[in-house]
Amino acid sequence: MKSPYLTKSPTFWLGMLATVVIVIGVRELALVVCTAFGMPTATNIVGLVSLFVVLMGVRLIKGGLPNWLSSSSSVLLVDSGFAFLPVSAGAGILLFGLGSDLLAVSAVIILSTVIPLWAFAKLSQKWLKNDNQDNAAKDKGVSHG
């Protein structure tokens, strides 16, 4: 697969620049608002939720997002995974510093991940089973009211 960064298309680079400016602008505006309310630590979540609401509004009103925003966001999202590698490595190293609490903390982390995944899998299975039954009924001309 060809790297998107090798392109000389001005549309790609303008889209990337606009996407970065939007993300940074929303984050900095959230910082100003949260600082004014005395909650500067809530900046990232407020910015994330605000950007989500604005993008959903644009999508609902215009019927979709611009292509330049979708493509540049996809490229940035794929490459942003590397940002979490140092954090994960640091967290792993810190876990071993817990000493006798390592097993308890590890159990909490594993259970808090496995239980929601299990619940989601059960809900998905039920939803897909009902969807398959509805599709089979439609094929036979019978409806489940």
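You'll find the structure just up there.
Chains are numbered independently. Their residues run from 1 in the order of the written sequence. This being a predicted model, a pLDDT of at least 70 is required before a residue's local features are given, and a value of 80 or more before pairs of side-chain atoms are given or counted; all residues contribute to the totals for chains, interfaces and linings. Side-chain measures here rest on the full set of heavy atoms in the structure, leaving out hydrogens and waters.

Trainee: Tell me about the overall build of the protein chain, residues and numbers included.
Mentor: Counting from the N terminus, the helices are the DSSP runs of H or I reaching at least four residues and the strands are the DSSP runs of E reaching at least two. Along the protein chain, the regular secondary structure elements total 5 helices and 0 strands. Reading the protein chain from its N terminus to its C terminus gives the helix and strand order α-α-α-α-α. By the burial criterion, 9% of the 145 residues in the protein chain qualify as buried. We call two residues contacting when some pair of their heavy atoms lies within 4.5 Å. Contacts spanning at least 24 positions in sequence make up 41% of the contacts within the protein chain whose residues lie at least 6 apart. Calculation of accessible area relied on Shrake-Rupley with a 1.4 Å probe; when residues are assessed, cover is drawn exclusively from the protein chains displayed. Surface exposure of the protein chain reaches about 11700 Å², of which carbon and sulfur atoms provide 73%. Each residue is assigned to one of three classes by its accessible area relative to the maximum for its type, calculated with a 1.4 Å probe on protein chains only: buried under 20%, partly exposed between the two thresholds, exposed over 50%.

Trainee: Describe in detail the pattern of salt bridges, supporting the description with residues and values.
Mentor: Take a side-chain nitrogen of Lys or Arg and a carboxyl oxygen of Asp or Glu: if they are within 4 Å of each other, that pair is a salt bridge. For the coordinates displayed, the defined rule picks out 1 salt bridge. Linking R27 and E28 is a salt bridge whose minimum nitrogen-to-oxygen distance equals 3.4 Å. A residue is classified by how much of its surface remains accessible, and E28, at 38% relative accessible area, is partly exposed.

Trainee: Tell me about the packing of helix α1 (residues 10-36) against helix α2 (residues 43-62), residues and numbers included.
Mentor: The axes are straight lines fitted to the C-alpha atoms, using for helices just the contacting stretch, and the angles between their N-to-C directions are given from 0 to 180°. Orientation of α1 relative to α2, taken along the N-to-C sense of each, is 125 degrees, at an axis distance of 8 Å. What the angle tells us is that α1 and α2 run oblique. The handedness of the crossing between α1 and α2 is right-handed. Contacts from I22, V23, V26, R27, A30, L31 and C34 in α1 reach T43, N44, V46, G47 and L51 in α2. If an angle is under 35 degrees, it is roughly parallel; if it is over 145, roughly antiparallel; if it lies from 65 to 115, roughly perpendicular; otherwise it is oblique. Helix crossings fall into two classes, left-handed where the near helix is turned counterclockwise from the far one by less than a right angle and right-handed where it is turned clockwise.

Trainee: Account for the packing of aromatic side chains, naming residues and giving values.
Mentor: Centres within 6.5 Å make a pair out of two Phe, Tyr or Trp rings, where for Trp the six-membered ring is used; the pair is then stacked when the planes are under 30 degrees apart, edge-to-face when over 60, and tilted otherwise. For the structure on display, the rule yields 1 aromatic pair. Seen in terms of ring centroids, F12 and W13 are 5.0 Å apart; in terms of plane orientation they differ by 80 degrees. Their pairing is edge-to-face. Among the residues examined, F12 registers a relative accessible area of 14% and is labelled buried. Assessed through its relative accessible area of 37%, W13 is described here as partly exposed.

Trainee: Go over the packing of α1 against helix α3 (residues 67-79), please, and point to the residues and values.
Mentor: Taken N-terminus to C-terminus, the directions of α1 and α3 make an angle of 75 degrees; their axes are 9 Å apart at the nearest point. Of the possible angle classes, the one that applies to α1 and α3 is roughly perpendicular. Here F12, G15, M16, A18, T19, V20 and I22 of α1 come into contact with α3, specifically with W68, L69, S72, S73, V75 and L76.

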